[in-house]
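# Examining the three-dimensional arrangement
For reference, the chains in residue letters:
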Amino acid sequence: MNAPAAIRIEEVRKTFSTGGAEVVALDGIDLEVAAGEFVCLLGPSGCGKSTLLNAVAGFSPPTSGRIRVAGQPVAGPGPDRAMVFQEYALFPWMTVAENVAFGLEVKGSPAPEIRATVDTWLEKLGLSDFRDRFPKDLSGGMRQRVAIARVLAIDPPVLLMDEPFGALDALTRRNLQEELLRIWSGSGKTVLFVTHGIEEAIFLADRVVVMTYRPGAVKEIVPVTLSRPRDPHSADFSTLERRVAALVMAEQARQERDERVGVGRGA
Ligand code: ADP
Ligand code: MG
């Protein structure tokens, strides 16, 4: 038998009811992510990207359908998956090093091992000189480095990232994208990365999953076979970017049309 997919999503549907109206956030989502694969979920705001990621994380179960991680049904959050959010979820009262150590302490790892692991990840993310600082004294980019180091320190096979670089300026974002790829390549880790940035998705992913809006579903899966490191200014990159942009823009147009006539707002 083949090894199970790292993530297997089958017929996932998720509805929310707000003020008597039902919103179908996700409908009929089928997606398989192979072990070691880097997949980006791309789509306009409100198309259900976070809802899908939260379901895979086990924070909020689907209304129906199945999600398995490494063959095991997801029944809640677990140490095999870790999430990085857009708004760094750091503990403000802990130093950088303490934030990175936190997950390992919860796990009950021995102190010398915690120290060594924390040092390794601080080093890998260029944070060694900032280990005793508090989050409030760091830039947004540095705080996201801490959030990533903290997740990687617990070494989960699956990384879930919800627009982790969305709040950063372009240069910092590119630096962190490159570092993430460097850490991911050869790690065997599976990454499911949410973005609404077309260029970011093509820069990062092995496959880009373009989502539709209301209900959120898979519109098209675009494989990205460009070799890494990718040059966003190359002709091949631009061709792919235009193709993906056309898919996303069609969804955005549909969304704007629906919003004008009040579809899905109980109007
Ligand atoms: P995205 O991350 O792609 O921007 P979301 O997954 O956050 O989209 O939201 C998808 C849809 O589900 C949106 O229409 C949103 O308003 C709705 N939604 C998400 N979370 C909730 C919730 N907790 N209660 C009600 N509606 C929600
Ligand atoms: Mg979101």
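Since this is a predicted model, take the numbers as computed values, not measurements. (Residues numbered from 1 in each chain as written. Chains lettered and ligands numbered in written order. Predicted model: local features only at pLDDT ≥ 70, side-chain atom pairs only at ≥ 80, totals over all residues. Heavy atoms only, no water.)

### Regarding the pattern of salt bridges
As a reminder of what qualifies: Salt-bridge detection follows one rule: a side-chain nitrogen of Lys or Arg within 4 Å of a carboxyl oxygen of Asp or Glu. Counting from the N terminus, the helices are the DSSP runs of H or I reaching at least four residues and the strands are the DSSP runs of E reaching at least two. Remark: exposure states derive from per-residue accessible area (1.4 Å probe, protein chains only) relative to the maximum for the residue type, with buried under 20%, exposed over 50%, and partly exposed in between.
For the structure shown, the criterion picks out 17 salt bridges. The salt bridge involving arginine 131 is made with aspartate 119; its shortest N-O contact spans 2.8 Å. Of this pair, arginine 131 sits in the loop between helix H3 (111-124) and helix H4 (140-153) while aspartate 119 sits in helix H3, and the two are 12 residues apart along the sequence. What makes arginine 131 partly exposed here is its relative accessible area of 29%. With relative accessibility at 36%, the residue aspartate 119 sits in the partly exposed group. Residue aspartate 137 is joined to lysine 136 by a salt bridge in which the shortest nitrogen-to-oxygen separation is 3.4 Å. By relative accessible area, which is 41% here, aspartate 137 ends up partly exposed. Note on lysine 136: relative accessible area 67%, which makes it exposed. The structure contains a network of salt bridges with shared partners spanning Arg8, Glu10, Glu11, Glu32 and Arg66.

### Comments concerning the packing of aromatic side chains
Worth spelling out the cut-off: In this analysis, rings of Phe, Tyr and Trp, with Trp reduced to its six-membered ring, are considered paired at centre separations within 6.5 Å, and the interplanar angle assigns stacked below 30 degrees, edge-to-face beyond 60, and tilted for intermediate values.
All chains considered together, the criterion is met by six aromatic pairs. With 4.7 Å between their ring centres and 65° between their planes, phenylalanine 91 and phenylalanine 102 make a pair best called edge-to-face. With phenylalanine 91 in the loop between strand E6 (81-84) and helix H2 (96-107) and phenylalanine 102 in helix H2, this residue pair connects regions lying 11 residues apart in the sequence. Since its relative accessible area comes to 30%, phenylalanine 102 is described here as partly exposed.

### Here's the deal with the sheet that holds strand E2 (residues 21-33)
Rule in force here: Any two strands are treated as partners once DSSP identifies two or more bridges connecting them. Only heavy atoms enter the contact rule, under which two residues are in contact if any of them lie within 4.5 Å. Only the stretch in contact is used when fitting a helix axis, every axis being a line fitted to C-alpha atoms; angles between N-to-C directions are given from 0 to 180 degrees.
One open sheet holds the four strands; their spatial order is E2-E1-E4-E5, and the pairing between them is antiparallel. A single partner strand is all that each edge strand has here, and the edge strands are E2 and strand E5 (72-73). Where strand E1 (residues 7-18) and E2 come together, nine bridges link them in antiparallel fashion. Note on E2: the bridge partner recorded for isoleucine 9 is leucine 31. In the packing of helix H1 (residues 49-57) onto the sheet, the strands contacted are E1, E2 and strand E4 (64-69), and the crossing angle to E1 comes to about 120°.

### Notes on the sheet that holds strand E7 (residues 158-162)
What the six strands build is an open sheet, ordered E6-E7-E8-E3-E9-E10; its pairing is mixed. Sheet topology places E6 and strand E10 (217-223) at the edges, where each strand pairs with a single neighbour. Shown here is a sheet whose adjacent strand axes are inclined to one another by a mean of 20°, direction ignored. Bridge analysis of strand E9 (residues 207-212) against E10 gives six bridges, and the strand direction is antiparallel. Bridge pairing in E10 places arginine 207 opposite proline 223. Against the sheet, H4 contacts E6 and E7, and its axis sits at roughly 175° relative to E6. Helix-sheet contacts for helix H7 (residues 235-261) involve strand E3 (38-42), E9 and E10, and the interaxial angle to E10 is about 170°.

### Notes on the pairing of E1
Sheet topology note: the E1/E4 ladder contains five bridges and is antiparallel. For isoleucine 9, the partnering residue across the bridge sits in E4 and is isoleucine 67.

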